[in-house]
Amino acid sequence: AIVGQLYDNPRYASQRDAGFQIFYVFINLGGVEAPFVAPLLRSWWLSENGLMYNAELPALCHGFLAGAEVNLTNLYELITKVGGSVVAGDVGSVSAFCSNYLNVFNTGIHYSFIASVAAMLISLSIFLFTKRQLPSPAKKAKEETVTYSAEEKAAMATEIKQRMAALFAVLGIAIFFWFSFHQNGTSLSLFARDFVKTDSVQPEIWQALNPFYVIILTPVVMWVFAALARRGKAISTPRKIAIGMGLAGLAFLFMTVFSIINGYPSAEAFKDLPAAEAAALKTGPWVLFVLYFFLTVAELFISPLGLSFVSKVAPKHLQGLCQGLWLCATAVGNLLLWIGPLIYNAYPIWVAWTVFFSVCIISMGVMLGMVKWLERVTE
C-alpha cells in the first residue's frame, strides 16, 4: 500500500509497474541469501557434533525408528558417510544413532529459524527509523474526505464494486500461479534431490536460482517494457499477467517433455531402483537452470505487476486490505502445494508437470478473456 501511494502522483503514475519491480528486486536479495544461510547453520551444528549433512538420511532414520521397511544396506552406508558408527544388525545402536542424528539435525534447523527472526527484527528497525519519510495511506484518505451528493455516492459505489470484482478475478488467477510456482519448495526441490546430479550441492540451494534470476533479469524486463511503451506499444498490466501464466506453462511443458524423453518413473518407483540404474537416470543441473529461468521470467510478469495492479484497482480507503487479499491468494495457492508431491510420488513424474502446465495454460486463457474488461476498470 505504501509503495502504491508513492506513485499516486499523476507525474509518476506511468512508472508504477517499474516501481513495484524495483521493490521486488529487494525482496529477492533476501531470497538469494536464505537458501545459503539456513543450510549453513544446519551443517555447522551437525559438524559441531561430529556429523555431516546428507539429504537422504533423515527420511531413512525416521522410517527405521517408525518400524517401516527401509534399505538397511543404504542406511548403514549413509551412517558411515556422515561420520557415524553403528553395529550392523544391532537395533539398539542403530536406533540410538538415528535418534541422535535427527535431534542434532532438527536443532540445526531451529538455528535457521532464529536467523529468520533476527532478519525480521532488522527489517522492522529499518521501517521504524524511516517511516516518517513514507506516505501514510490512512492519513491521506482522511485528508481527502469531502462531501458528496447522493448521485456521486451511487456512482462511486458502482465503481468500487467494479474494481473489487476485477481484483477478485485477478486474485483467482494468482492462486493457480502460486500453486504452480511454489512447487520450487516442494516437488521441484524433490526433483533436484532425486533426479539431478548435484552431490556437491544441497537440494534446497537450487532455490536460490529463482531470486538470483529475479535480480539479474528485472532490468532486462523493465527495459523491454519501457522500449515498447516508447514505441506506443505498451502492454497493460492485465495482459502482462496473462503472458506470465503462459511463460510458467512453458517451464512445466519443458519439464513434461524432458521427463517423458528420459522415461522417469514416479519418485517412489525411482527409490526402489538399483543404485546403478538410478544413477544412470539422473541428469545434469542444466535442467534446473532452464526450468528456473522460465519460471522466474513468468514471476516477473505476474508477482510485482500483480502488486502494481492491486494498487491501481484498489479503492483508496481499502488499499492495505486489498494488498492483504493478494497475500491471501498466495496463501490459498500454498495450501494446495501438497498436490504436487502427491502426484510426483504416485505417478510417472511427467504427470505432475502436465497438471501444472494445464493449470497455467487454462489460467492464461481465462486471463486473456478478461483483459479488455480489466483494462477498462483500471483506466
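Details of the structure are given in the entry above.
As the structure is a prediction and not an experimental result, all values here were calculated from the model. (Residues numbered from 1 in each chain as written. Predicted model: local features only at pLDDT ≥ 70, side-chain atom pairs only at ≥ 80, totals over all residues. Heavy atoms only, no water.)

1. Observations concerning helix α14 (residues 319–335)
For α14, which comprises 17 residues, the first-to-last C-alpha distance of 25 Å matches the rise-based estimate of 24 Å (1.5 Å per residue) to within 8%. What α14 keeps buried is the set Gln 319, Cys 322, Gln 323, Trp 326, Ala 329, Thr 330 and Gly 333. Taken around the axis of α14, the buried residues stretch over an arc of 110 degrees, which confines them to a single face. Among the exposed residues of α14, those pointing more than 90 degrees away from its buried face are Leu 321, Leu 327 and Leu 335. (Helix = DSSP H or I, 4+ residues; strand = E, 2+ residues; numbered from the N terminus. Expected span 1.5 Å × (residues − 1). Buried < 20%, exposed > 50% of the residue type's maximum accessible area, 1.4 Å probe, protein only. Arc of directions from axis to C-beta.)

2. Focus on the pattern of salt bridges
Tallied over the entire structure, the rule returns 7 salt bridges. Of the charged contacts, one joins Asp 17 and Lys 240 as a salt bridge, the two residues approaching to 3.0 Å between their closest N and O atoms. On the criterion of sequence distance, the pair formed by Asp 17 in helix α2 (residues 16–48) and Lys 240 in helix α10 (residues 237–261) is long-range, its members being 223 residues apart. Across the pair, exposure class does not vary: Asp 17 and Lys 240 are buried alike. The partner of Asp 194 in a salt bridge is Arg 193, with the nearest N and O atoms 2.8 Å apart. Taking relative accessible area as the criterion, Arg 193 reaches 25% and is therefore assigned partly exposed. What you see here is one network of salt bridges that share partners, running through Asp 17, Lys 240 and Lys 312. (Salt bridge = Lys/Arg side-chain N within 4 Å of Asp/Glu carboxyl O.)

3. Things to note about the state of the cysteines
Evaluation of the coordinates by the stated rule reveals 0 disulfides. Not engaged in a disulfide, the cysteine Cys 328 finds its nearest cysteine sulfur in Cys 322; these two sulfurs lie 11 Å apart. (Disulfide = S-S within 2.5 Å.)

4. With respect to the environment of His 182
Turning to its location among the elements, His 182 is positioned in the loop between α7 (150–181) and α8 (187–195). With 169 residues separating them in the primary sequence, His 182 and Ala 13 have C-alpha atoms 31 Å apart. Filtering out sequence-adjacent residues up to four positions away, His 182 remains in contact with Thr 330, Asn 334 and Leu 337. (Contact = heavy atoms within 4.5 Å.)

5. Some words on the nonpolar core
In terms of nonpolar packing, the biggest core is built from 73 residues, with Phe 191, Leu 295 and Trp 353 touching the most fellow members. Among the elements that line this core, the one with the most residues is helix α13 (residues 286–313), at 15 residues. Those residues in contact with Phe 191 that sit more than four places away from it in its chain are Val 196, Met 255, Tyr 264, Val 287, Leu 288, Tyr 344, Ile 349 and Trp 353. Residues Leu 46, Phe 97, Cys 98 and Phe 105 belong to the second largest nonpolar core, which totals 19 residues. (Core = buried A, V, L, I, M, F, W, Y, C linked by side-chain atoms within 4.5 Å.)

6. A short note on a nonpolar patch on the surface
Taken together, the side chains of Val 117, Met 120, Leu 121, Leu 124, Phe 127, Leu 128 and Leu 134 present a nonpolar region at the surface, about 640 Å² in accessible area. Tracing the sequence through the fold places Val 117 in helix α5 (residues 91–130). The class for Val 117 is partly exposed, based on a relative accessible area of 44%. (Patch = residues over 30% accessible without salt bridge, like charges linked within 9 Å, V, L, I, M, F, W, Y side chains within 5 Å. Areas by Shrake-Rupley, 256 points an atom, 1.4 Å probe, with all protein chains shown as cover.)

7. Quick notes on the packing of helix α9 (residues 209–230) against α13
Where α9 contacts α13, the two axes come as close as 9 Å, and the packing angle between them is 55 degrees. Relative to α13, the element α9 is oriented oblique. By crossing handedness, the relation of α9 to α13 is classed as right-handed. Taking contact as the criterion, the partners of Leu 209, Asn 210, Tyr 213, Val 214, Leu 217, Thr 218, Val 221 and Phe 225 in α9 are, on α13, Leu 288, Phe 289, Tyr 292, Phe 293, Thr 296, Val 297, Glu 299, Leu 300, Phe 301 and Leu 305. Class assignment for the residues of the contact of α9 with α13 results in 14 nonpolar, 3 polar and 1 charged. (Axes fitted to C-alpha atoms, helices over the stretch in contact; angles between N-to-C directions. Parallel < 35°, antiparallel > 145°, perpendicular 65-115°, else oblique. Left-handed = near helix turned anticlockwise from the far one by under 90°. Nonpolar A, V, L, I, M, F, W, Y, C, P; charged D, E, K, R; others polar.)

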